[in-house]
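Report on the structure
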Amino acid sequence: MAMSIVSWLGIRGLNAAVPLALLSGALALCWMLPAAIIPIQALSHLETAQKVSVLFFAVSVAGVAAAVFVPLIVHVIGRRRLFALGAGCIFASAVMLSWDSTTSLIIGTALRIVGFLSMDIVIETIIMERIARRALARFEAARIFCMGVGFIIGPWLGIWLANHWTFSSPFILLIAVLGIVYIYTVRSQLSASLDDPRTQTKPPNPFRFVSRFCHQPRLRLAWVLAFARASFWTMFFIYAPIYCVQVGLGEESAGLVLSFGSAAILLAPLFGRIGRRIGVRRLLTLGYLGTGIMTMGVAVVGEWAWAGVTFLLLAAVCAAVIDAVGNALFLRAVHSYERPEMTAVFTTYREMAHLTGPGVFSILLTFFALPSVFVVSGLSMVVMTSMTQFIPKRFR
């Protein structure tokens, strides 16, 4: 049974693919457990969507700063300690978020971003060392599938536990899963990848490798496309729950919308196979175009609640088409001798999405109502179809 699943995912014979995909799925569950709770609690404490946007903009500054300086931190403390530091930040964030106050919400959200960023950079580096370059597209589809399980279960389960058990229960579960991930990683065969040889004689200069990244067109293209993808999901996970609450569907419905929206990611292996047939360029063009049109549809139907939810879910399905490619564009473009440095710069796409989206929307919501968020987000995805034309036709 297990081998048939591995074959269906397309990763049979790939060394370390299964544990790395499962680890990514477990970390996705940890990330998603409070995903619906945080924006709803922020709305409860701050009262308006505009103030919620300002909050997410502010805490994302910490994530961007951390992302740029991670290679310097790795040089000083090494991958193993960075992995432990990330786990510690996530543990502390879970404790802070469980206190349900405005101050703890701000600190906990910032620690959450920094912690997951640190662990993600280590995992991405291990993936590039363990998975052959030509197999990365196959592996990314399988990894996104495993992450999809966490994306589906996490939002609904977090809200359900908070409402039917205690508010702190989803954060206790988060800590338990995080502990399993950390113990497995440091005690399994993957542990050897945490002990990286230090080949540099002096600390890396963050500004030098940012410049180096920007001078490589393929890396720039991978970053822009990943940034657009992450911006959509940032919008989805912040403003879809707010939309559900404002149109009267309730908090548990908000969690279900996030979970059902994430369920489309389970189709990533199927979309990945389609991409290998028609080419990544065409697949991503269709994905960005569909996501943009469906997102703007939410604004068109306005407060017609279930029509708006339908458009949100259809937008998520189209975004899953984009997710099927994952970070394969970057993983194939980066040179082996500069993986940690370029990975640190590349992963800023996520923090910049967390930063830019709420920043722009906080200004937008000062003058316009919530539907304006869906209009701007949808238009930006449609614009990305022009960027997909720079992807080599041979990429499959």
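Parameters and conventions
- Residues numbered from 1 in each chain as written.
- Predicted model: local features only at pLDDT ≥ 70, side-chain atom pairs only at ≥ 80, totals over all residues.
- Heavy atoms only, no water.
- Helix = DSSP H or I, 4+ residues; strand = E, 2+ residues; numbered from the N terminus.
- Rg over C-alpha atoms; globule rule 2.2 N^0.38 Å.
- Buried < 20%, exposed > 50% of the residue type's maximum accessible area, 1.4 Å probe, protein only.
- Contact = heavy atoms within 4.5 Å.
- Areas by Shrake-Rupley, 256 points an atom, 1.4 Å probe, with all protein chains shown as cover.
- Lys, Arg positive; Asp, Glu negative; His and termini not counted.
- Charge placed at Lys NZ, Arg CZ, Asp CG, Glu CD.
- 1 Å grid on protein atoms, 1.4 Å probe; cavity = no way out; pocket = protein on both sides within 12 Å on 5 of 7 lines; lining within 4 Å.
- Points joined across faces, edges and corners; volume = space filled by probe spheres on them.
- Patch = residues over 30% accessible without salt bridge, like charges linked within 9 Å, V, L, I, M, F, W, Y side chains within 5 Å.
- Salt bridge = Lys/Arg side-chain N within 4 Å of Asp/Glu carboxyl O.
- Core = buried A, V, L, I, M, F, W, Y, C linked by side-chain atoms within 4.5 Å.
- pLDDT = per-residue confidence, 0-100.
- Phe/Tyr/Trp six-rings, centres within 6.5 Å; stacked < 30°, edge-to-face > 60°.
- Lys NZ or Arg CZ within 6 Å of the ring centre and 35° of its normal.
- Axes fitted to C-alpha atoms, helices over the stretch in contact; angles between N-to-C directions.
- Parallel < 35°, antiparallel > 145°, perpendicular 65-115°, else oblique.
- Left-handed = near helix turned anticlockwise from the far one by under 90°.
- Nonpolar A, V, L, I, M, F, W, Y, C, P; charged D, E, K, R; others polar.

**A closer look at the overall build of the protein chain**
Across its full length, the protein chain holds 17 helices and zero strands. Expected size for 396 residues packed as a compact globule is a radius of gyration near 21 Å; at 20 Å, the protein chain falls within 12% of this value. Here the C-alpha coordinates of the protein chain stretch approximately 55 × 50 × 45 Å along the principal axes. A burial count over the protein chain gives 59% of its 396 residues as buried. Sequence separation of 24 or more characterises 85% of the internal contacts of the protein chain that already satisfy a separation of 6 or more. By element, 68% of the accessible surface of the protein chain is carried by carbon and sulfur atoms, the whole surface being about 16300 Å². Side-chain charges in the protein chain split into 30 positive and 15 negative, and the spacing between the mean points of these groups amounts to 15 Å.

**Describing empty space enclosed by the protein**
Inspection of every chain in the model, using the stated rule, returns four cavities of 30 Å³ or more. Here the largest cavity defines a volume of roughly 850 Å³. Along the walls of the largest cavity sit 40 residues, with Trp31, Met147, Phe151, Arg350 and His354 positioned nearest its centre. When contributions to the lining of the largest cavity are tallied by element, the ones reaching two or more residues are helix H2 (17–32), helix H3 (37–46), helix H4 (49–97), helix H5 (102–130), helix H6 (136–164), helix H9 (217–246) and helix H16 (348–367). Of all the elements, H5 adds the most residues to the lining of the largest cavity, at nine residues.

**As for a nonpolar patch on the surface**
Taken together, the side chains of Val360, Val375, Val376 and Leu379 make up a nonpolar region of the molecular surface, amounting to roughly 270 Å² of accessible area. Here the element with the most residues in the nonpolar patch is helix H17 (residues 371–383); it accounts for three residues. Residue position: Val376 is located in helix H17. A residue is classified by how much of its surface remains accessible, and Val376, at 33% relative accessible area, is partly exposed.

**Considerations on the nonpolar core**
Among the nonpolar cores identified, the biggest contains 134 residues, and Phe236, Tyr239, Leu284, Phe330 and Phe374 are the most heavily contacted of them. When residues in this core are grouped by element, the largest group, 19 residues, is from H9. If sequence neighbours within four positions are ignored, Phe330 has contacts with Met128, Phe213, Leu219, Ala222, Met342, Thr343 and Phe346.

**Focus: the confidence of the model for the protein chain**
Of the residues in the protein chain, 91% reach a pLDDT of 70 or more, and the chain-wide mean stands at 83. Within the protein chain, helix H1 (residues 2–9) has the poorest average pLDDT of any element, 50, and H17 the best, 94. Contacts from residues 1–5, a stretch scored under 50 in pLDDT, to residues over four places away or in other chains number one contact.

**A look at the packing of aromatic side chains**
Inspection of the entire model under this criterion finds 14 aromatic pairs. Pairing Tyr243 with Phe374 gives two aromatic rings, centres 5.8 Å apart and planes at 90 degrees, and the pair type is edge-to-face. Here Tyr243 is found in helix H9, whereas its partner Phe374 is found in helix H17, with 131 residues between them in sequence. Counting every residue linked through ring pairs, the aromatic cluster contains Phe232, Trp233, Phe236 and Phe237. Here the guanidinium or amino end of Arg112 rests over the ring plane of Trp31, the centre of that ring lying 3.6 Å away.

**A short note on the packing of H16 against H17**
It is at 9 Å that the axes of H16 and H17 come closest, and there the two elements cross at 135 degrees. Taken together, the axis directions place H16 and H17 in an arrangement best described as oblique. Considering how the two elements wind past one another, H16 and H17 form a crossing that is right-handed. Judged by residue contacts, Phe361, Leu364 and Leu365 of H16 engage Ser372, Val373, Val376 and Ser377 from H17.

**Brief notes about the packing of H9 against H16**
Direction vectors running N to C along H9 and H16 enclose 55 degrees, while the axes themselves pass 8 Å from each other. By the angle between their axes, H9 is oblique relative to H16. Seen from above, H9 lies across H16 with right-handed handedness. Touching Trp223, Ala226, Phe227, Arg229, Ala230, Ser231, Thr234, Met235, Ile238 and Tyr239 of H9 are Thr348, Tyr349, Arg350, Met352, Ala353, His354, Thr356, Pro358, Phe361 and Leu365, all from H16. Taken together, the residues that form the contact of H9 with H16 break down as 13 nonpolar, five polar and two charged.

**Quick word on the environment of Phe330**
Topologically, Phe330 is positioned in helix H14 (residues 328–333). Residue Phe330 is classed as buried on the basis of its relative accessible area, which comes to 0%. Each C-alpha atom, one on Phe330 and one on Met342, is 9.3 Å from the other, the two residues being 12 residues apart in sequence.

**Some thoughts on the pattern of salt bridges**
Per the counting criterion, the structure on display carries three salt bridges. Among the ionic pairs, Arg143 bridges to Glu124, the shortest N-O distance being 3.0 Å. Taken together, the residues Arg143 in helix H6 and Glu124 in helix H5 connect sequence positions 19 residues apart.

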